[in-house]
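Chain and residue survey
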Amino acid sequence: MAKSSRNHSSKGRPLRRKPEDRAPRRTFLVFCEGIVTETLYLRALERELAREMNAPVRLEISKDSGAVPLTLVTKAVEARARSDGKWGEIDEVWCIFDVEWPQNHPDLKEARALAERSEVKVAVSNPCFELWLLLHFQDQTAWLDTNAVKRRLKKHDSSEGKSLDGATYMPRRAEAATRARSLEARHKGNGTKFPDDNPSSGMYLFLNAIEQPEGLQRGIDNLPS
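As a starting point, this report considers the structure included with it. (Residues numbered from 1 in each chain as written. Predicted model: local features only at pLDDT ≥ 70, side-chain atom pairs only at ≥ 80, totals over all residues. Heavy atoms only, no water.)

The next point concerns the environment of Ala-44. Among the structural elements, Ala-44 can be located in helix 1 (residues 37-52). Between the alpha carbons of Ala-44 and Met-170 there is a distance of 7.4 Å; along the sequence they are 126 residues apart. When neighbours within four sequence positions are excluded, Ala-44 is seen to be in contact with Gly-166 and Met-170. (Helix = DSSP H or I, 4+ residues; strand = E, 2+ residues; numbered from the N terminus. Contact = heavy atoms within 4.5 Å.)

Moving on: the packing of aromatic side chains. The final tally for this structure, using the stated rule, is seven aromatic pairs. On the numbers, 6.4 Å between centres and 75° between planes, the contact of Tyr-41 with Trp-132 is edge-to-face. Taken together, the residues Tyr-41 in helix 1 and Trp-132 in helix 4 (residues 129-134) connect sequence positions 91 residues apart. You can call Trp-132 buried: its relative accessible area is 0%. On the numbers, 6.3 Å between centres and 70° between planes, the contact of Tyr-41 with Tyr-169 is edge-to-face. You can see Tyr-41 sitting in helix 1 and its partner Tyr-169 sitting in helix 6 (residues 166-169), a full 128 residues away along the chain. In this pair, the class of Tyr-41 matches that of Tyr-169, namely buried. (Phe/Tyr/Trp six-rings, centres within 6.5 Å; stacked < 30°, edge-to-face > 60°. Buried < 20%, exposed > 50% of the residue type's maximum accessible area, 1.4 Å probe, protein only.)

Another aspect to go through is a nonpolar patch on the surface. The grouping of Ile-35, Val-36 and Leu-40 at the surface amounts to a nonpolar patch, some 210 Å² of accessible area in total. A relative accessible area of 42% means that Ile-35 is categorised as partly exposed. (Patch = residues over 30% accessible without salt bridge, like charges linked within 9 Å, V, L, I, M, F, W, Y side chains within 5 Å. Areas by Shrake-Rupley, 256 points an atom, 1.4 Å probe, with all protein chains shown as cover. Salt bridge = Lys/Arg side-chain N within 4 Å of Asp/Glu carboxyl O.)

We now examine helix 2 (residues 69-81). With 13 residues, helix 2 should cover 18 Å at 1.5 Å per step; its first-to-last C-alpha distance of 18 Å lies within 8% of that length. For helix 2, the complete set of buried residues consists of Pro-69, Leu-72, Val-73, Ala-76 and Ala-79. For helix 2, the angular spread of the buried residues around the axis is 120°, confining them to a single face. Elements that come into contact with the buried residues of helix 2 comprise strand 1 (26-32), strand 3 (92-98) and helix 3 (108-117). (Expected span 1.5 Å × (residues − 1). Arc of directions from axis to C-beta.)

Soluble globular proteins tend to bury their nonpolar side chains together. Ranked by size, the top nonpolar core spans 40 residues in total, and within it Phe-28, Tyr-41, Leu-59, Trp-132, Met-203 and Phe-206 carry the most contacts. At the level of elements, strand 1, helix 1, strand 2 (57-63), strand 3, helix 4, helix 5 (146-154), helix 7 (173-190) and helix 8 (203-211) are the ones that each hand at least two residues to this core. When residues of this core are assigned to their parent elements, the largest contribution, six residues, is made by helix 8. (Core = buried A, V, L, I, M, F, W, Y, C linked by side-chain atoms within 4.5 Å.)

A side chain of one charge can pair with a side chain of the opposite charge when the charged atoms of the two come close. Applying the stated criterion across every chain, the model contains 10 salt bridges. The salt bridge involving Arg-51 is made with Glu-52; its shortest N-O contact spans 3.8 Å. The exposure class assigned to Arg-51 is exposed, which follows from its relative accessible area of 60%. Since its relative accessible area comes to 40%, Glu-52 is described here as partly exposed. Within the structure, one salt-bridge network assembled from shared partners comprises Glu-48, Arg-51, Glu-52, Arg-173 and Glu-211.

With that settled, the discussion passes to helix 5. Considered for burial, the residues of helix 5 that qualify are Thr-146, Ala-148, Val-149 and Leu-153. For helix 5, the buried positions fall inside an angular range of 165° around the axis, keeping them on one side. Residues of helix 5 that are exposed and point over 90 degrees away from its buried face: Asn-147 and Arg-151. On the buried face of helix 5, the contacting elements are helix 4 and helix 6.

Inspection of the secondary structure puts Trp-143 in the loop between helix 4 and helix 5. What makes Trp-143 partly exposed here is its relative accessible area of 47%. A C-alpha to C-alpha distance of 9.9 Å links Trp-143 and Trp-101, two positions 42 residues apart in sequence.

What is shown is where atoms sit, not what they do.
Given below as structure tokens:
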């Protein structure tokens, strides 16, 4: 009697992926002060990682427009401590917020210190999240205020209002991470400390965590020389 080929293709290969080939999905709870731009970027990133990786990432985003960083971090700490299961099983909790110039948000150092004590990770952009977006297209080493960053970004992204086309940014995110890491090294070399480290963005740390080190490094290694 001929052997059944129900579970195999005509070439003898299994039709189903072996379970061990797929790592478990990781869930990140993200608190951000921006309710549009940041969310659109994060959702685009979530879709891109689902397309690229065997291990998709689920982002649970808590948006709080107008919340100052200390309030945002406090809410993240409370959510991390709760066991009500609202967001399900969480692997990491992050806060994404800005410094803002010419007038900084209040209590920035206190917000970062609270996050560190409470094992909440932060990705701070200085002066604003749009600086991180700008780094997808160009180097930026000179000090900028928030409005100047947005004007420069308009040269690369003409989206109306706070809209954002994620497909424009995703292929460039490893370049942005390289530039952000270089800015951090530059500030360290100059002895410049937070919150005076303008321009800078910790979003590359978020990408490094969410894509896992090897994923982001692979993208950096493939950048044109």
